[in-house]
Amino acid sequence: MAAPHVSGAWALIKQAALADGIDVSVGEILTALQTTGIPIIHPTSGLAFPRIQVDEAIDSLLPGIPQENFLVDLGGTAFDMELDASRDLLYVSIPSLNEIVMISTLDYTIVDRIVVGSLPYGIDLSYDSSLLFVALNGGGGVAYLDLETRTVTIVSVQGEVGDFRTYDVVEAKPNRVVVSANPSSSGFSWIAMIKLDEGNAVSRVASNKIIRAAPIFQTDPNELFLYIGQKIYPKL
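Caption draft 1: Here's a closer look at the packing of aromatic side chains. Applying the stated rule across the entire model yields 5 aromatic pairs. Seen from their ring centres, Phe133 and Tyr144 are 5.3 Å apart, and the 85° between their planes marks the pair as edge-to-face. In this pair, Phe133 is assigned in strand β8 (residues 131-136) and Tyr144 in strand β9 (residues 141-146), connecting sequence segments 11 residues apart. When its relative accessible area of 0% is taken as the criterion, Phe133 is described as buried. Residue Tyr144 is classed as buried on the basis of its relative accessible area of 7%. Here a set of aromatic residues connected by ring pairs shows up, and it is made of Phe79, Tyr121 and Tyr167.

Structure, rendered in structure tokens:
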């Protein structure tokens, strides 16, 4: 094993170890690279030399990293999921069951199932991690799932989005929840905003443009823009 690719691999491993709070020596990194590398036989000498596998070397040095995959039977097809790092939970929407499934990220077991309303599709965790917002594709509303009491409140948005098939939801900035609908070619829909701090007042936004083809959201970390993608039309 020779520079420069070895020095690059060493730097990556050192960085990963420090990020995990572990200080590893040059000798430990060298041993990890040698023992986890794929043996390559030199055609002339017949000697075996290890081909570097950085990911395997990191796994051998850093304890506590899961070494296996986990398959969780949800009981139905998932649509969307959201990680709640503060509670070590993963939330998954299951439209066919009208449920949000809560999965522990510690042992990957299902800890609860909450019925939230008709056909839960897109979901989003609130800024303060107290609520999970759920777009109800069969109910023309947005469900607020209180993550402490695990109770559900539903706010109707059908009049403002123009269709009962709500599709995605996101808290674009504190107390401003944006929701879309998906009538596709069978109708028209708009983007609506719910103002949580104004009694859940709902109004149309996005310059009142018709946006109707499975619109999904992506927030801007600076809270200046909200990006909207559509499934059928190649537009953003």
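Caption draft 2: View of the sheet that holds strand β13 (residues 192-195). Taken in spatial order, the 4 strands line up as β11-β12-β13-β14 in an open sheet, and their pairing is antiparallel. Strands with a single pairing partner mark the edges of an open sheet, and in this sheet they are β11 (166-173) and β14 (201-204). Strand-to-strand twist across the sheet, computed as the mean angle between neighbouring axes with direction ignored, equals 25°. Sheet topology note: the β11/strand β12 (residues 176-181) ladder contains 5 bridges and is antiparallel. By the bridge assignment for β12, Glu171 is matched with Val177.

Caption draft 3: Focus on the packing of helix α2 (residues 26-36) against helix α3 (residues 54-61). One way to put it is that α2 packs onto α3 with a least axis distance of 9 Å and a crossing angle of 125°. Taken together, α2 and α3 sit at an angle that is classed as oblique. Regarding α2 and α3, the two cross each other, and that crossing is right-handed. Touching Glu28, Ile29, Ala32, Leu33 and Thr36 of α2 are Glu56, Ala57, Ser60 and Leu61, all from α3.

Caption draft 4: How the structure looks around the sheet that holds strand β5 (residues 99-104). The sheet built from 4 strands is open, its strands ordered β3-β4-β5-β6 with antiparallel pairing. Lying at the two open borders of the sheet, with one neighbouring strand each, are β3 (81-84) and β6 (110-115). This sheet shows a mean twist of 20° between the axes of neighbouring strands, independent of strand direction. Where β3 and strand β4 (residues 89-94) come together, 4 bridges link them in antiparallel fashion. If you follow Glu82 over to β4, its bridge partner there is Tyr91.

Caption draft 5: Quick peek at the pairing of β13. Where β12 meets β13, 4 bridges bridge the pair, whose relative direction is antiparallel. The residue of β13 that forms the bridge with Val179 is Ala192. The pairing of β13 with β14 spans 4 bridges and is classified as antiparallel. Note that in β14 the partner of Met193 across the bridge is Ser203. Linkage of β13 to β14, two consecutive antiparallel strands, is achieved through a turn of 5 residues, within which Gly199 is found at a positive phi near 65°.

Caption draft 6: Expanded view of the pattern of salt bridges. Scanning the entire structure with this criterion turns up 7 salt bridges. Among the salt bridges present, the one from Asp163 reaches Arg165, with a minimum N-O distance of 2.8 Å. Linking Asp197 and Arg176 is a salt bridge whose minimum nitrogen-to-oxygen distance equals 2.6 Å. Here the residue Asp197 occupies a position in the loop between β13 and β14, and Arg176 occupies one in strand β12, the gap between them amounting to 21 residues. By relative accessible area, Arg176 is classed as buried at 18%. Taken together, the shared-partner salt bridges in this structure form one network comprising Asp84, Arg87 and Glu148.

Caption draft 7: Quick look at the environment of Leu132. Residue placement: Leu132 occurs in strand β8. Judged by its relative accessible area of 0%, Leu132 is buried. Here the alpha-carbon distance between Leu132 and Asp84, two residues 48 residues apart in the chain, equals 9.6 Å. If sequence neighbours within four positions are ignored, Leu132 has contacts with Glu82, Tyr91, Ile100, Ile123, Asp124, Leu125, Ala143, Tyr144, Leu145 and Leu147.

Rules used throughout
- Residues numbered from 1 in each chain as written.
- Predicted model: local features only at pLDDT ≥ 70, side-chain atom pairs only at ≥ 80, totals over all residues.
- Heavy atoms only, no water.
- Phe/Tyr/Trp six-rings, centres within 6.5 Å; stacked < 30°, edge-to-face > 60°.
- Helix = DSSP H or I, 4+ residues; strand = E, 2+ residues; numbered from the N terminus.
- Buried < 20%, exposed > 50% of the residue type's maximum accessible area, 1.4 Å probe, protein only.
- Pairing = 2+ DSSP bridges.
- Axes fitted to C-alpha atoms, helices over the stretch in contact; angles between N-to-C directions.
- Parallel < 35°, antiparallel > 145°, perpendicular 65-115°, else oblique.
- Left-handed = near helix turned anticlockwise from the far one by under 90°.
- Contact = heavy atoms within 4.5 Å.
- Salt bridge = Lys/Arg side-chain N within 4 Å of Asp/Glu carboxyl O.

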